Amino acid sequence: MKKLNPQEWTRFWDESAAITTFGTHTHKNYEFQILEFWQQQLSGNFEQVVDLACGNGALSWIAHDIFAKAKQSTRVTGVDIADINPFKTLRRKSKRYPLLEFVANTSIDQLPFADHSVDIAISQYGFEYSDIEKTVLELDRVLKPTAKICLIMHSTSSKLIRPTTDLIKQSSRALNEVRLHELYLRLDEVCNFPDSDSDPKLLAEEKKLRAAIAAATIDIGDHVDGIEGGAGAITKYVFNMANEFSAKAPRRSTNRRKVILEARTTLEKYLGRIEDMRSAALDKSGEQDLRRCLEAVGFSVDQGVLNYVKLGNIGSTLIARRG
Ligand SMILES: C[S@@+](CC[C@H](N)C(=O)[O-])C[C@H]1O[C@@H](n2cnc3c(N)ncnc32)[C@H](O)[C@@H]1O
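Residues numbered from 1 in each chain as written. Predicted model: local features only at pLDDT ≥ 70, side-chain atom pairs only at ≥ 80, totals over all residues. Heavy atoms only, no water.

### Digging into the nonpolar core
Ranked by internal contacts, the top residues of the largest apolar core, which has 43 residues, are Phe-22, Ile-34, Trp-38, Leu-42, Trp-61, Ile-122 and Ile-314. With seven residues, the single largest contributor to this core is helix α3 (residues 58-69). Sequence-distant contacts of Ile-34, defined by excluding residues within four places in its chain, comprise Phe-22, Gln-124, Ile-152, Leu-306, Tyr-308 and Ile-314. Of all hydrophobic cores here, the second largest spans 28 residues; its members include Leu-52, Ile-108, Leu-139 and Leu-290. (Core = buried A, V, L, I, M, F, W, Y, C linked by side-chain atoms within 4.5 Å. Buried < 20%, exposed > 50% of the residue type's maximum accessible area, 1.4 Å probe, protein only. Helix = DSSP H or I, 4+ residues; strand = E, 2+ residues; numbered from the N terminus. Contact = heavy atoms within 4.5 Å.)

Encoded structure:
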């Protein structure tokens, strides 16, 4: 399993111009129970808040709005290792947000704050991407003696992570074992040969290819049917390809090869994000290790599960306090 590197994250935030990584599950920004969780955690008087691994600032914007509504002059700083620029990407004027700033190209185990200067460290699907031991020591350095840490993290038991095991397995079968992609490319080639509609050898190969593709896609369809949420990417890929080669589609096409290659790139990007999420997610022992690290520097820790509208468990929560 492989995490995305900072350059890949930079591209992700830049290209998607999305505020969160949550896709269609959120409207504009995190809402419902997630928003309620943050409203609760951020009620109080704080001078300086840090949003760890902020991405395009989903949580930083939420925190900023909560403090603005409460007429508090709390400074919110989002820090990320990628070369982020949420004001630019999301087309918001920095002048309108004087108490909000983003620090790019900075790992959260090397925070740009003086010792004991931060009141609360928050993070959503960010903290667990870092070197946890180092980040806890860095938080110990920058947080005030009475500070708190509030996290929502990917967990291996969450509904966002669990179904992806099957999705990865089926996608890998489709792409690597059955070599569906190569079958599509060859079918395109065969259909484009000048005499492909009359040459018996080519017609026989076409028939064989179509049969192999049909068997593979039915099999994949049967397996992805039960996968919640994440099935979209592989099903979309198969449907797009089925359209390209349907009875209605032109037999010869100069554009189809490009479409097939682009569809694979899209699918691979999606799978890359899933691998990234899976490698960041903490299992029970990872969560216990984190608790021990925090207790070692004087925090008392409450861990829980976050249930989100229809999805159910979407990750673990952690609230650490000291003082
Ligand atoms: C899943 S995104 C979450 C972004 C954001 N918190 C949100 O809720 O939309 C994970 C982010 O962690 C960042 N990241 C990964 N490792 C990091 C590190 N060591 N220090 C700072 N940011 C890191 C990535 O660049 C990426 O933007």
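From this point, things continue past the structure.
### Topic: the site of the ligand
Of all residues adjacent to the ligand, which total 18 residues, the nearest are Trp-13, Tyr-30, Ala-53, Asp-80 and Gln-124. Within the side chain of Tyr-30, one N or O atom sits 2.8 Å away from an oxygen atom of the ligand. Ala-53 places a main-chain nitrogen or oxygen 2.9 Å from a nitrogen atom of the ligand. Contact with the protein chains hides 96% of the accessible area of the ligand, taken as 600 Å² for the molecule alone. Considering only residue class, the shell around the ligand consists of 11 nonpolar, six polar and one charged. (Near = heavy atom within 4 Å. Polar contact = N/O pair within 3.5 Å; in protein donor to acceptor, adjacent residues only side chain to side chain. Areas by Shrake-Rupley, 256 points an atom, 1.4 Å probe, with all protein chains shown as cover. Nonpolar A, V, L, I, M, F, W, Y, C, P; charged D, E, K, R; others polar.)

### Regarding unusual backbone geometry
Even without being glycine, Ala-17 reaches a positive phi, approximately 45 degrees. Locating Ala-17 in the fold gives a position in the loop between α1 (6-16) and α2 (32-41). A relative accessible area of 40% means that Ala-17 is categorised as partly exposed. Positioned with a positive phi, Arg-179 is a non-glycine residue whose angle comes to about 55 degrees.

### Some details on the packing of aromatic side chains
Applying the stated criterion across every chain, the model contains 14 aromatic pairs. With a centroid separation of 6.1 Å and an interplanar angle of 75 degrees, the aromatic rings of Phe-46 and Phe-67 are classed as edge-to-face. Here Phe-46 is found in the loop between α2 and β1 (48-52), whereas its partner Phe-67 is found in helix α3, with 21 residues between them in sequence. Of the two residues, Phe-46 and Phe-67, both sit in the buried class. With centroids separated by 5.5 Å and ring planes inclined at 90 degrees, the aromatic side chains of Trp-61 and Phe-87 adopt a geometry described as edge-to-face. You can see Trp-61 sitting in helix α3 and its partner Phe-87 sitting in helix α4 (residues 86-89), a full 26 residues away along the chain. On the basis of relative accessibility, which here comes to 2%, the residue Trp-61 falls in the buried class. (Phe/Tyr/Trp six-rings, centres within 6.5 Å; stacked < 30°, edge-to-face > 60°.)

### Examining the packing of helix α6 (residues 164-177) against helix α10 (residues 256-280)
For the pair α6 and α10, interaxial distance at closest approach is 11 Å and the crossing angle is 145 degrees. Relative to α10, the crossing made by α6 is left-handed. Only Arg-264, Leu-267, Tyr-270, Leu-271, Ile-274, Glu-275 and Arg-278 of α10 make contact with α6, whose side of the interface consists of Thr-164, Thr-165, Leu-167, Ile-168, Ser-171 and Leu-175. For the contact of α6 with α10, the residue count by class is seven nonpolar, three polar and three charged. (Axes fitted to C-alpha atoms, helices over the stretch in contact; angles between N-to-C directions. Left-handed = near helix turned anticlockwise from the far one by under 90°.)

### Quick look at the pattern of salt bridges
Following the criterion strictly, the structure yields 22 salt bridges and no others. Among the ionic pairs, Arg-210 bridges to Glu-206, the shortest N-O distance being 3.0 Å. Placement of the pair is Arg-210 and Glu-206 together in helix α8 (residues 200-224), with a separation of four residues, close to one helical turn. You can call Arg-210 partly exposed: its relative accessible area is 33%. A residue is classified by how much of its surface remains accessible, and Glu-206, at 9% relative accessible area, is buried. Taking the shortest distance from any N to any O, the salt bridge between Arg-264 and Glu-268 comes out at 2.9 Å. Here the residue Arg-264 and the residue Glu-268 both occupy positions in helix α10, the gap between them amounting to four residues, near one helical turn. Of the residues examined, Arg-264 reaches a relative accessible area of 16% and is grouped as buried. You can call Glu-268 partly exposed: its relative accessible area is 39%. Through salt bridges with shared partners, one network takes in Glu-47, Asp-119 and Lys-144. (Salt bridge = Lys/Arg side-chain N within 4 Å of Asp/Glu carboxyl O.)

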